[in-house]
Amino acid sequence: MKVIDGGVCAPKGFTANGINVGIKPGQTRLDLGMIFSEVPASAAAVYTTNLVKGAPITVTKDNISDGVAQAAIFNSGNANTCNADGIEIAKEMCSLLAEEMKIRPEDVIVASTGVIGQRLKIDPIAKGMASLCSGLNKDGSDSAARAVMTTDTVKKEIAVEFELGGKTCSIAGIAKGSGMIHPNMATMLAFLTTDAAISSEMLKKALSNDIEDSFNMISVDGDTSTNDMVCIMANGMAGNDMIVSEGEAFDAFSAALSEVTIYLARNMAKDGEGASKLIICKVSGADDKETAKVVAKSVICSNLLKCAIFGSDANWGRVLCAIGYSGADVDVTRVDVSFSSAAGEIQLCKDGAGVDFSEEKAKAILDEAEITILVSIGDGDKSATAYGCDLTYEYVNINGSYRS
């Protein structure tokens, strides 16, 4: 497996594009994007757990209920959520694309991100559709990735190449996510493409399994969004034997999928609104996977700890505190905690009690841009990793004026 160029257009048969149509008047950033497959593809998606769901989710669920899609269209600047005409607008986006590309509206995935509760006007999207579709190209992943950004400061994009039954396959993804991010799922949209041949049933299984260790293991601010979606299209153009059951080929595909999703999830946490540091919590020694995951999530979600990391304060007691209220069945007298970064590693807690350590070394470690919190909770063989970020003044600035 190796990382390759091309983003979501790296797999055979996929093109993409992103343009500005003025969804938010006065803004010049790209705000309407699209991904297209030459042929109908197997499709699967997972969605937000929030009871309030954006209209695009309802429409996408219906459209890919048959396990088939050929295109994805998405906009930033407006979430199309909590609007009386939201379903109508989302369906119209699919119809406009379908008419232009001569495909079925039911074969279109639709997604939106941005402000909740403001009406999404179809006029700018309709006026820009011909340009969006005619501009589809093999170098379009960059513009598509930028078109779905809101408060993101950098695009999230990756592609990897791997082998299936002697055939070279690719899988790729773009994503957005910076704020309102919390397990399970987040204010995040991820669009994945692959030229591997895999049934929609096995695609759904692979994706559902995967997000438990990727997108469901990140948090920025504790808010679960209304529009979260991760979707994947597999057009089979690599020519491998169709994956229709678990086995060696399914495992190889799942490993490549994980490479893409972990990269995207990690970079969402790193690009958290106002963030200056990526926080990684690695929990080991658990008797079962779920315990390790609960502990890791609790640690990276602690606002007090996030503030301490921002200030480079080795306040390890906040790690123990987060473990204590996590709800996991943990013997706190067996907990060890260390902080690690490019500047080194330092142990702060052994068997649930503090140990002497150098404050100067600890601060140097925490001054780095990527901090790993190592937590051991026993002698078990299960582990988990969660991704978060520090909490800064800039987070408040961003969210104090988000609608503007």
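Heads up: the structure comes first, above all this text.
Calculation notes
Residues numbered from 1 in each chain as written. Predicted model: local features only at pLDDT ≥ 70, side-chain atom pairs only at ≥ 80, totals over all residues. Heavy atoms only, no water. Helix = DSSP H or I, 4+ residues; strand = E, 2+ residues; numbered from the N terminus. Rg over C-alpha atoms; globule rule 2.2 N^0.38 Å. Buried < 20%, exposed > 50% of the residue type's maximum accessible area, 1.4 Å probe, protein only. Contact = heavy atoms within 4.5 Å. Areas by Shrake-Rupley, 256 points an atom, 1.4 Å probe, with all protein chains shown as cover. Lys, Arg positive; Asp, Glu negative; His and termini not counted. Charge placed at Lys NZ, Arg CZ, Asp CG, Glu CD. Pairing = 2+ DSSP bridges. Axes fitted to C-alpha atoms, helices over the stretch in contact; angles between N-to-C directions. Expected span 1.5 Å × (residues − 1). Salt bridge = Lys/Arg side-chain N within 4 Å of Asp/Glu carboxyl O. Core = buried A, V, L, I, M, F, W, Y, C linked by side-chain atoms within 4.5 Å. Parallel < 35°, antiparallel > 145°, perpendicular 65-115°, else oblique. Left-handed = near helix turned anticlockwise from the far one by under 90°. Nonpolar A, V, L, I, M, F, W, Y, C, P; charged D, E, K, R; others polar. Patch = residues over 30% accessible without salt bridge, like charges linked within 9 Å, V, L, I, M, F, W, Y side chains within 5 Å. Phe/Tyr/Trp six-rings, centres within 6.5 Å; stacked < 30°, edge-to-face > 60°. Disulfide = S-S within 2.5 Å.

*Asks:* Can you help me understand the overall build of the protein chain in this one?
*Replies:* A count of helices and strands for the protein chain gives 11 helices and 15 strands. Compactness check: the protein chain gives a C-alpha radius of gyration of 22 Å against a globular reference of 22 Å for 404 residues, within 12% of the reference. Taking the principal axes of its C-alpha atoms as reference, the protein chain extends roughly 70 × 50 × 35 Å. Out of the 404 residues in the protein chain, the part that is buried amounts to 57%. Intrachain contacts of the protein chain at a sequence separation of at least 6 include 80% that bridge at least 24 residues. Accessible surface computed for the protein chain: about 15,900 Å², of which carbon and sulfur atoms make up 48%. The protein chain carries 35 positive and 53 negative side-chain charges, and their two centres are separated by 4 Å.

*Asks:* Got a minute to help me understand the sheet that holds strand β11 (residues 336-341) in this structure?
*Replies:* For sheets, the rule is that strands pair by backbone hydrogen bonds, running either parallel or antiparallel. Strand order in the open sheet made by the six strands is β13-β12-β11-β14-β10-β15, with mixed pairing throughout. At either end of the open sheet lies a strand with only one pairing partner, and these are β13 (353-354) and β15 (382-389). When strand β12 (residues 344-350) meets β13, the two strands line up antiparallel, connected through two bridges. Residue pairing for β13: K350 is matched across the bridge by A353. Sheet contacts for helix α6 (residues 248-270): β10 (278-286), β14 (370-376) and β15; angle to β15, the most-contacted strand, approximately 40°.

*Asks:* Would you mind showing me how to read α6 here?
*Replies:* What sets the pattern is the α-helix's 3.6 residues per turn: residues three or four places apart point alike. Relative to the 33 Å expected for 23 residues at 1.5 Å per residue, α6 spans 33 Å between its end C-alpha atoms, a close match to the ideal helical length. Here α6 has its buried residues at F250, F253, A256, L257, V260, T261, L264, A265, N267, M268 and A269.

*Asks:* How do you make sense of the pattern of salt bridges when you look at a structure like this?
*Replies:* Where side chains of opposite charge bring their charged atoms close, a pairing between them can arise. Counting across every chain of the model gives 17 salt bridges. Shared partners join several salt bridges into a network, and the residues in it are D142, R146, K155 and E157.

*Asks:* How should I be thinking about the nonpolar core in this particular structure?
*Replies:* Generally speaking, soluble globular proteins have nonpolar side chains that are buried together. Core analysis: the biggest nonpolar cluster contains 38 residues, and I171, F215, I232 and F253 have the highest contact counts within it. Going through the elements one at a time, β3 (32-47), β6 (156-164), β7 (167-176), β8 (189-194), α5 (200-211), β9 (229-234), α6 and β10 are the ones with two or more residues in this core. If you tally residues by element for this core, the top one is α6, at nine residues.

*Asks:* Help me understand the packing of helix α7 (residues 289-301) against helix α9 (residues 317-324) in this model?
*Replies:* The geometry of a pair of packed helices is captured by two quantities: the angle between their axes and the separation between those axes. As a packed pair, α7 and α9 sit with axes 8 Å apart at the nearest point and diverge in direction by 130°. By the angle class used here, α7 and α9 are oblique. For the pair α7 and α9, the sense of crossing is right-handed. The residues of α9 that touch α7, namely those facing V295, S298 and V299, are V319, A322 and I323. Counted by class, the contact of α7 with α9 contains five nonpolar, one polar and no charged residues.

*Asks:* Teacher, can you tell me more about a negative patch on the surface here?
*Replies:* Negative charge collects at one region of the surface, where D287, D288, E290, D329, D331 and D381 lie side by side. Checked against the element boundaries, E290 lands in helix α7. Taking relative accessible area as the criterion, E290 reaches 49% and is therefore assigned partly exposed.

*Asks:* Please explain the packing of aromatic side chains as it appears in this structure.
*Replies:* In this description, an aromatic ring pair is defined by two values, namely the gap between the centres and the angle between the planes. Throughout the structure, instances matching the rule amount to three aromatic pairs. Residues F310 and Y393 carry aromatic rings whose centres are separated by 5.4 Å and whose planes lie at 90° to one another, so their mutual orientation is edge-to-face. Of this pair, F310 sits in helix α8 (residues 303-310) while Y393 sits in helix α11 (residues 393-399), placing them 83 residues apart in sequence. Classification of F310 as partly exposed rests on a relative accessible area of 28%.

*Asks:* How should the state of the cysteines be read in this particular structure?
*Replies:* By definition, a disulfide links the sulfur atoms of two cysteine residues through a covalent bond. A full pass over the atoms with the stated rule returns zero disulfides. C349 supplies the cysteine sulfur nearest to C321, a cysteine that is in no disulfide, at a spacing of 13 Å.

*Asks:* Looking at this structure, I do not really get the pairing of β11. What am I missing?
*Replies:* Regular strands place their side chains on alternate faces of the sheet. For β11, a buried count of six out of six residues is recorded, marking the element as mostly surrounded by other parts of the structure. Side-chain alternation along β11 places D336, S338 and S340 on one buried face and V337, F339 and S341 on a second face that is also buried. Of the strand pairs in this sheet, β11 and β14 are connected by five bridges, and their pairing is antiparallel. Bridged to V337 within β14 is V375. Across five bridges, the pairing between β11 and β12 is antiparallel. Each bridged residue has a counterpart across the sheet, and for S340 the counterpart in β12 is E345. Linking β11 back to β12 in an antiparallel pair, the connection comprises two residues.

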